[in-house]
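Residues per chain, in single letters:
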Number of protein chains: 4
Amino acid sequence: MTKPTDVHLPLLDDRPREECGIVGVTGVESASELVFLGLYALQHRGQEAAGICATNGGRTKLFKELGLVSDVFDAKRIASLDGSTALGHVRYSTAGDGQRVNAQPMVVRYAEGDLSIVHNGNITNAYTLRDQLVGEGAIFRSSSDSEVIVHLVARSRHRTIESQLRDALSFIEGAYALVVTVGDVMYAVRDPRGFRPLVLGELDGGHVVTSETCALDIMGADFVRDVRPGELVRLRAGRADSLHGVHPEEPAACVFELVYFARPDSSLWGVSVDRARRSLGRSLAREHPVEGDCVIAVPDSANSAALGYSEESGIPYELGLLRNHYVGRTFIRPTQADRDFAARIKYNPVREVLDGQRVVVVDDSIVRGTTSSSLVKFIRAAGAAEVHFRVASPPVRYPCYYGIDMPSREELLGATASVPEIAAGLGVDSLGYLSLEGMLEAVKEGGPYCSACFSGDYRAPLVDMAERR
Amino acid sequence: MTKPTDVHLPLLDDRPREECGIVGVTGVESASELVFLGLYALQHRGQEAAGICATNGGRTKLFKELGLVSDVFDAKRIASLDGSTALGHVRYSTAGDGQRVNAQPMVVRYAEGDLSIVHNGNITNAYTLRDQLVGEGAIFRSSSDSEVIVHLVARSRHRTIESQLRDALSFIEGAYALVVTVGDVMYAVRDPRGFRPLVLGELDGGHVVTSETCALDIMGADFVRDVRPGELVRLRAGRADSLHGVHPEEPAACVFELVYFARPDSSLWGVSVDRARRSLGRSLAREHPVEGDCVIAVPDSANSAALGYSEESGIPYELGLLRNHYVGRTFIRPTQADRDFAARIKYNPVREVLDGQRVVVVDDSIVRGTTSSSLVKFIRAAGAAEVHFRVASPPVRYPCYYGIDMPSREELLGATASVPEIAAGLGVDSLGYLSLEGMLEAVKEGGPYCSACFSGDYRAPLVDMAERR
Amino acid sequence: MTKPTDVHLPLLDDRPREECGIVGVTGVESASELVFLGLYALQHRGQEAAGICATNGGRTKLFKELGLVSDVFDAKRIASLDGSTALGHVRYSTAGDGQRVNAQPMVVRYAEGDLSIVHNGNITNAYTLRDQLVGEGAIFRSSSDSEVIVHLVARSRHRTIESQLRDALSFIEGAYALVVTVGDVMYAVRDPRGFRPLVLGELDGGHVVTSETCALDIMGADFVRDVRPGELVRLRAGRADSLHGVHPEEPAACVFELVYFARPDSSLWGVSVDRARRSLGRSLAREHPVEGDCVIAVPDSANSAALGYSEESGIPYELGLLRNHYVGRTFIRPTQADRDFAARIKYNPVREVLDGQRVVVVDDSIVRGTTSSSLVKFIRAAGAAEVHFRVASPPVRYPCYYGIDMPSREELLGATASVPEIAAGLGVDSLGYLSLEGMLEAVKEGGPYCSACFSGDYRAPLVDMAERR
Amino acid sequence: MTKPTDVHLPLLDDRPREECGIVGVTGVESASELVFLGLYALQHRGQEAAGICATNGGRTKLFKELGLVSDVFDAKRIASLDGSTALGHVRYSTAGDGQRVNAQPMVVRYAEGDLSIVHNGNITNAYTLRDQLVGEGAIFRSSSDSEVIVHLVARSRHRTIESQLRDALSFIEGAYALVVTVGDVMYAVRDPRGFRPLVLGELDGGHVVTSETCALDIMGADFVRDVRPGELVRLRAGRADSLHGVHPEEPAACVFELVYFARPDSSLWGVSVDRARRSLGRSLAREHPVEGDCVIAVPDSANSAALGYSEESGIPYELGLLRNHYVGRTFIRPTQADRDFAARIKYNPVREVLDGQRVVVVDDSIVRGTTSSSLVKFIRAAGAAEVHFRVASPPVRYPCYYGIDMPSREELLGATASVPEIAAGLGVDSLGYLSLEGMLEAVKEGGPYCSACFSGDYRAPLVDMAERR
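Residues numbered from 1 in each chain as written. Chains lettered and ligands numbered in written order. Predicted model: local features only at pLDDT ≥ 70, side-chain atom pairs only at ≥ 80, totals over all residues. Heavy atoms only, no water.

Caption draft 1: Local environment of the interface of chain B and chain C. Taken together, the contacts link 27 residues of chain B with 27 residues of chain C. Summed over both partners, the interface of chain B with chain C buries about 2100 Å², with 46% contributed by carbon and sulfur atoms. At the junction of chain B with chain C, the criterion picks out two salt bridges. Arg141 of chain C is the partner of Glu147 of chain B in a salt bridge, and the nearest nitrogen-oxygen pair spans 2.6 Å. (Contact = heavy atoms within 4.5 Å. Buried area = accessible area lost by both parts, 1.4 Å probe. Salt bridge = Lys/Arg side-chain N within 4 Å of Asp/Glu carboxyl O.)

Caption draft 2: Quick look at the side chain of Thr55 of chain D. With respect to the element layout, Thr55 of chain D can be found in strand E4 (residues 49-56). Those residues within four positions of Thr55 of chain D in sequence are excluded, and the remaining contacts are Thr60, Asp82, Gly83, Ser84, Thr85, Thr181, Gly183 and Asp184 of chain D. (Helix = DSSP H or I, 4+ residues; strand = E, 2+ residues; numbered from the N terminus.)

Caption draft 3: Quick peek at the relation of the copies chain B and chain C. Relative to chain C, chain B is turned by 180° and slid 0.2 Å along the rotation axis, the superposed coordinates differing by an RMSD of 0.1 Å. Look at the turn and shift together and you get a two-fold axis relating the two. Measuring from the rotation axis to each C-alpha of chain B, the shortest distance belongs to Ala138 of chain B, at 3.5 Å. When the interface residues of chain B are mapped onto chain C, 100% of them again lie at the interface, so the same face is used by both copies. (Least-squares fit on C-alpha atoms with pLDDT ≥ 70 in both.)

Caption draft 4: Representation of the pattern of salt bridges within the structure. Residue and element names in this part refer to chain B. In the structure shown here, the tally under the stated rule is 100 salt bridges over all chains. Residue Arg45 pairs with Glu212 through a salt bridge whose shortest N-O separation is 2.7 Å. With Arg45 in the loop between helix H2 (31-41) and strand E4 (49-56) and Glu212 in the loop between strand E12 (206-210) and helix H8 (213-219), this residue pair connects regions lying 167 residues apart in the sequence. By relative accessible area, Arg45 is classed as buried at 1%. Residue Glu212 is classed as buried on the basis of its relative accessible area of 0%. (Buried < 20%, exposed > 50% of the residue type's maximum accessible area, 1.4 Å probe, protein only.)

Caption draft 5: How the structure looks around the sheet that holds strand E8 (residues 113-123) of chain B. Residue and element names in this part refer to chain B. One open sheet accounts for six strands, arranged E7-E8-E9-E10-E14-E15; its pairing is antiparallel. Strand pairing shows two members of the sheet lacking a second neighbour, strand E7 (106-110) and strand E15 (239-244), which therefore form its edges. Direction aside, neighbouring strands of the sheet carry axes that sit 20° apart on average. Relative to strand E14 (residues 231-236), strand E10 (residues 185-190) runs antiparallel, the two being bridged by four bridges. The residue of E14 that forms the bridge with Val189 is Leu232. (Pairing = 2+ DSSP bridges. Axes fitted to C-alpha atoms, helices over the stretch in contact; angles between N-to-C directions.)

Caption draft 6: Broad picture of the arrangement of the chains. Left apart from each other, chain A and chain C have a closest C-alpha approach of 14 Å. Where chain B comes nearest to chain D, the C-alpha atoms are still 13 Å apart, and the two do not contact one another.

Caption draft 7: Spatial organisation of helix H16 (residues 419-426) of chain D. All names here are of chain D. Looking only at H16, the buried set comprises Ile422, Ala423 and Leu426. In a view along the axis of H16, the buried residues occupy a sector of 100°, so they form one face of it. Exposed residues on H16 whose side chains face more than 90 degrees from its buried face are Pro420, Ala424 and Gly425. Those residues of H16 that are buried are in contact with helix H14 (370-381), helix H15 (413-416) and strand E27 (430-433). (Arc of directions from axis to C-beta.)

Caption draft 8: The arrangement of the nonpolar core in detail. Core analysis: the biggest nonpolar cluster contains 102 residues, and Phe256 of chain A together with Phe256 of chain B have the highest contact counts within it. Core analysis: the next-biggest nonpolar cluster, separate from the first, contains 101 residues, Leu280, Leu412 and Leu434 of chain C together with Ile404 of chain D among them. (Core = buried A, V, L, I, M, F, W, Y, C linked by side-chain atoms within 4.5 Å.)

Caption draft 9: Structural context of the interface of chain D and chain C. On the chain C side, the residues contacting the 60 residues of chain D number 61 residues. For the pair chain D and chain C, the summed buried surface comes to about 5200 Å²; carbon and sulfur atoms form 56% of the total. Our count for the contact surface shared by chain D and chain C stands at four salt bridges. Residue Glu318 of chain C is joined to Arg278 of chain D by a salt bridge in which the shortest nitrogen-to-oxygen separation is 2.4 Å. Where chain D meets chain C, there are 15 residue pairs in polar contact (both at pLDDT 80 or more). It is helix H2 (residues 31-41) of chain D that provides the largest number of residues to the side of chain D that touches chain C, a total of five residues. Taken together, the residues of the side of chain D that touches chain C break down into 27 nonpolar, 15 polar and 18 charged. (Polar contact = N/O pair within 3.5 Å; in protein donor to acceptor, adjacent residues only side chain to side chain. Nonpolar A, V, L, I, M, F, W, Y, C, P; charged D, E, K, R; others polar.)

Caption draft 10: Layout of the relation of the copies chain D and chain C. Aligned on chain C, chain D shows an RMSD of 0.1 Å; the corresponding rotation is 180° and the shift along the axis is 0.0 Å. An overlap of 100% is found between the interface residues of chain D and their copies at the interface of chain C, pointing to a shared contact surface.

Caption draft 11: Spatial organisation of the sheet that holds strand E4 (residues 49-56) of chain C. Residues and elements named next belong to chain C. On the basis of which strands lie adjacent, the open sheet formed by seven strands has the order E5-E4-E6-E3-E12-E11-E13 and antiparallel pairing. Strands with a single pairing partner mark the edges of an open sheet, and in this sheet they are strand E5 (59-66) and strand E13 (222-226). Strand-to-strand, the axes of this sheet are offset by a mean angle of 15°, without reference to chain direction.

Caption draft 12: Highlighting the packing of aromatic side chains. As enumerated under the stated definition, the model contains 38 aromatic pairs over all chains in all. Considering the side-chain rings of Tyr260 of chain A and Phe261 of chain A, the 5.0 Å spacing of their centres and the 55° angle between planes classify their relative orientation as tilted. Here the two residues Tyr260 of chain A and Phe261 of chain A agree in accessibility, since each one is buried. Cation over ring: Arg77 of chain B sits above Phe63 of chain B, and NZ or CZ is 3.6 Å from the ring centre. (Phe/Tyr/Trp six-rings, centres within 6.5 Å; stacked < 30°, edge-to-face > 60°. Lys NZ or Arg CZ within 6 Å of the ring centre and 35° of its normal.)

Caption draft 13: Region of the structure containing the side chain of Asp340 of chain D. All names here are of chain D. Position of Asp340 among the secondary structure elements: in the loop between strand E22 (329-332) and helix H12 (341-346). Judged by its relative accessible area of 12%, Asp340 is buried. Setting aside anything within four residues of it in sequence, one finds Asp340 in contact with Ser374, Lys377 and Phe378.

Caption draft 14: Examining unusual backbone geometry more closely. Cis peptide bonds are those with omega within 30 degrees of zero, and the linkage from Gln104 of chain D to Pro105 of chain D qualifies with 0°. For the bond from Gly447 of chain D to Pro448 of chain D, the omega torsion is 0°, close enough to zero to count as cis. Of note, Pro448 of chain D is situated in the loop between helix H17 (436-442) and strand E28 (449-450). One non-glycine residue, Ala237 of chain C, adopts positive backbone phi at about 50°. Within the secondary structure, Ala237 of chain C sits in the loop between strand E14 (231-236) and strand E15 (239-244). With a relative accessible area of 79%, Ala237 of chain C lands in the exposed category.

By themselves these figures say nothing about function.
See the structure below:
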């Protein structure tokens, strides 16, 4: 008989994984306590490692470890990270034990003192720059692309930190939202296309910079505005100065943040995530109407879209799938005959809701399709008469190179099968994806958007990919 | 400045806490793996301690520890608990560190071999029996009332285990759902009024007994039937024999399981929890109609009731409060000026949904009222024009002595204030509780019910309370 | 290639293992701090589990765990064990993980309140009594024989605790040194033959009872006297009252405590351990003289005996073997070709001392002989011209049933081979064991002794062994 | 009442602390297993952190953590560090939690691949070089001076690794024994004066480089020779090639290694440590004879010297102080009235040996003198008639800047008090230190030596000290 082995539940999942959530607080006493709360609110953006650093009188203390925010930090640890300037980071990391080295914040000593950095995004010429830097004698400790940025800053011949940052950014391609501290001065910057979100808030005379507005809410901070693409914001002594960072390009905000990643109570680039998803759901209902008895969501990320579908179609919204939120470690058998195990430990159908019904299932997106396939089986086993699957975004056909960890093209269901083939594979009575135009129209209040994962239209140069071919 | 200290998030909560969830599996290889899955599904019934014991060839191995199921057990630990008969338990424990001794299962050696027991409920004459047993030379290790049952079994002069169990039960008053194993034979029993749920399932020629049907689902087991009040079921060698346990009384199923505790995907005493809550919500809408722009739930326990309210009233259902599911440890300041901290770390309002709206908030119940009060503030701060609070059960006015950990009478909001006073305290524009009759009518498909926490009508004698006065 | 697995170093050892060290402190504030120090000094008597309980106002708190004293307890843990009466225990446990249940102190609730007990020794009719008690309805949690004592006390029909203890002891055969507390009253008792040591001390108006005087020294307590065989000492409110416990028999103090177990800075039954070992070494030199260039000890337990041998023989004492004291976990390969691995990780020869020399190696005793065999190889490899092995006690030929964990007879080298065979097996030039008479003569200042492990003359009845044949 | 707090026992000690022990193994399968054993033997050289890295097919895996070797590594961890080339390090670190970053090995990625390094010693121009490197854009992660070396290698304009190493070394002043790996090639190098030891061994066709020969013994490796001052040894494919490293200076081997640090079963620079200490003890007896009844050592580091004193003086050697080897965590009260606590938990006098005697106590050295002072009190309390303190080295008067962590001058007893003042402070009847000439004469078989801590004659330039004045 085969022996079971441990596995972390998120690794059983077939969802794409955000790379990071970031928070910076400056000008507020016990800044690390606020950063802790902020990370807590951003936990959905990265569940494998968490870190906080705090600066007091020029000296920076750092703690980072694999695990959830609430596992990594306790009151004593937070209290030890004293000072009125602090950075925090949550991360999804692809590898297991021992990859502590890639966790953030990264803190280094360079000519101007301690420099700390947190980063959300993906540098598309990181390997190329790295080879160049290594050739000049630079030493790397991690495989993180944040380390490339730090080296570029340290090697800049400019004299002020602002100029050094600007100099470093001029070499970098791709997607980045960065927060950097040198002493008690904090800098926030977004790449020229603004792929990844970064918002500015105020609190008790100090400032907060973070990935999503929900982190402002938990701290009790007031939203001020988005950091603009290409902008370099300097936060010092209670003032926020807008400086030139890099020359902005045509904006390309990540539409997948609205579709799946961000928390529905956040607003990104001026759009309420909940409202955006409702709108996607309504458009989906218009594009792919069907006769059904109930609309159910794949909880929780598709709740808003399903509600939108229900509103538009007039088909009642029901709670037909329950999600177990006590995620953590489980075990699997190497020869797991039961391919639905991962989905079953997370979702359970509500038989009384589904039995005998024509069920419209709304999901936000399909990446690999393994969970979708299990869910359809569960819903049928619970007695559903018909299963109509509706997806509130187009088929995911291309990997993201701008900060979202997606499988390779071969593993993307939308890249390897046509919609009818997918419908047959899932065993549904009908399948409808929202069109690319429909999606972009539904969220047009924000944008313009990057929709490369759906369209293949990559907006920032993929330097490493070209080099490595 | 005050120092922060650690606190477990559930302890910041003002919700009542279930005492236990239980699972037994017999006649299936690697029974402890299935028990692990079952406990995982029952995690909502107790989050402070978890334990599993397994019997192989007459020898029982046990592991129990404070923590969530996925923290306490890993693949190696589960593999070490070998055998085809296993019991599991999750528990809410009132005290912190060092109370490992009260965790379950309890495993003892007595004349017939290793006896293991898991228990959900509360024995109302436990102290009285304990004093008596101690006077006869019995030694107690814990303050758990399960230990009283074990002593009664061990001291019985009867010869068969069935008779010993029956003898022991004849002394016991109160609420209990028990699973007991002696060697590879498993016994399941419910008290004469059936306060607490216990269901029987089948799997691969073996049997499962557990608190809720959602545990059967995750194991892939088939539901057979409820264990009946007073019934003693013997599970042995693939057979389930119904034996006499104790003389049944007028049934009194805990209505609070339907109102709040049980998972919506479970069915208890023949009633779908989701359907019951929908029905409660619809009755609530009929009893307390109001003009509103949207209905929102306090997630997740009130989701079904809110949907019911929306259906019946025609007011659209919205997702106006977001719940952060990454619960765990946080810290608090001893002089926490911010009384809303506990609620804020858990719930966040969605401003775009609430701004300018007349909001109908549906919750399942109000116990202490502290969270409700914070939520009303959040909703107003998010711009709500009016806040109408609706509760899908009557005011909680009396403590439960049948297995639910509730605060004392003085701390129950419904026991110390009238509805108008409560409305004023919460700062709402209107407040409506479902009536006792309305509640019982809505769930009449099951029952009869114990509703002592609402009505004070205690159905089993409160022996210890009388003795101790 | 085979995979390495973890092993605790003491388990690689072929030494006999003491079962326990015990400490009780009463009438002194922060008693648990003193108990911690005492256990620290007694760590050599048991390295697998440690426990402390403390009583304050009738309520007893307990913490016990697998591990060394300094791993199990920290300042916070000690501070939580408040009160002026405390017990402590260190234990060697034969099994690994999960055997926490057999650690001590044992704390139970019985008719008179919380009763706590620590025990050093072995009850020779424990199984027989256990069967009897179980037949009467007693429930056992552990396989520890201390639990038998507790049941006998709880079931006694006598009215005072003293009478209950006396009643319980009247059933028990074998070896025991016990300390018991009920509330703030402490009782110390030794079996009628006084196999195991137990000494009484005074400190700041309170009392200490413990296995060895070195524990008194570390606390700064003054030695008062030995607890006498059969005596029951009651320590209460600063007074020590000598009561009748059980009728004393011909004393039989464990000679192996002097030979190997006790710390050389302790005095047992009026004999300095260091002096006793020096005397054993001198007698050994007289019985087994040899021409040699240096005398070396197997450190550290044979240091004193080797020094005695050197004094008597005039052959210089040298430090020829070094012992690594950083014991802990290591790993072994299942197919370990290298049978000397266990010894090599612990001992290293000093080549410059041994090269070209005729070496007299003095050890305190030989049990299995595996370490001895490795050491002889190491010494030869370091260049010794001749190796003469001298043992400061007779061959160990019989298992101990009075509290020392020895291998079964088949594994005792002295039981399965003659001295010449042993000499040949070890590969030494000569081998000499001290004679039984020589040993007893050398330590005659104390005694009379139990020397059953050398002679087979068991002084207390072996009831269980007879029953179980 | 004051609360106790935790303290690690070594921190209560007033001994100087070695900075490191290092091991490298190449050309042997499962090299990390051998490195583990080697570190285990070198544990006395650093007890606060341990690390191992292993290289397989160009990829290097690293694990390092605070704690003892046996706490940090288990079989699974060792097995994960696969490959035939591995480095290990044990370290004493001055700071507590969070200083993981300064543990070694250090592994970096630079132009030639993964470079790993372990270092024992102290670079005396580290700060000066660091400032220079930082000015050129180098980024530092730690405060370790090993990082300076790595940067120098990475920035070298030379093309071969040998030349880069040589280039880097040409900038460095002070004391260093280094082992470096790049891929499967290992380099070992000692500073031009050879302050710190480094020996070369052979094993199964591969090579070992390590601080002391006792690490070769535990692995079963054969000693080949010392790495010579200034020499660069390349170990590759079973060959050891001696290359030029830096131009050698007048040798200055650390005499304190022989006096106190090294294990007595090691040989350093051709001298047996045990023999050297015996010789120091004999010289001490000649320089400072006294009438006494017994000679006792402060165990274990002074055992050999005490034996030498006994031999030369004819006064019998006795075991008068017992040392408890179960070191670990203990607790202290902030207002510890008992200044002898730290010594008492570690040492206990043997009353029967000391009572009424004129005792000659031999210690290897006195640094702060606090332990010595406690020991004299203990010995007197045990009844000694006279206490004559003898120290087998001169007074320690100057801090070491070559790799030994000593207190500042103000805390060195020998720097702030004359010998008669010290005698009076310790409360001894007489006090004798071995003279500088006597010490150097006794160990003249090796050398020439650095004796800066006794004489103030610093042999390598103290660049940072001069710069920072």
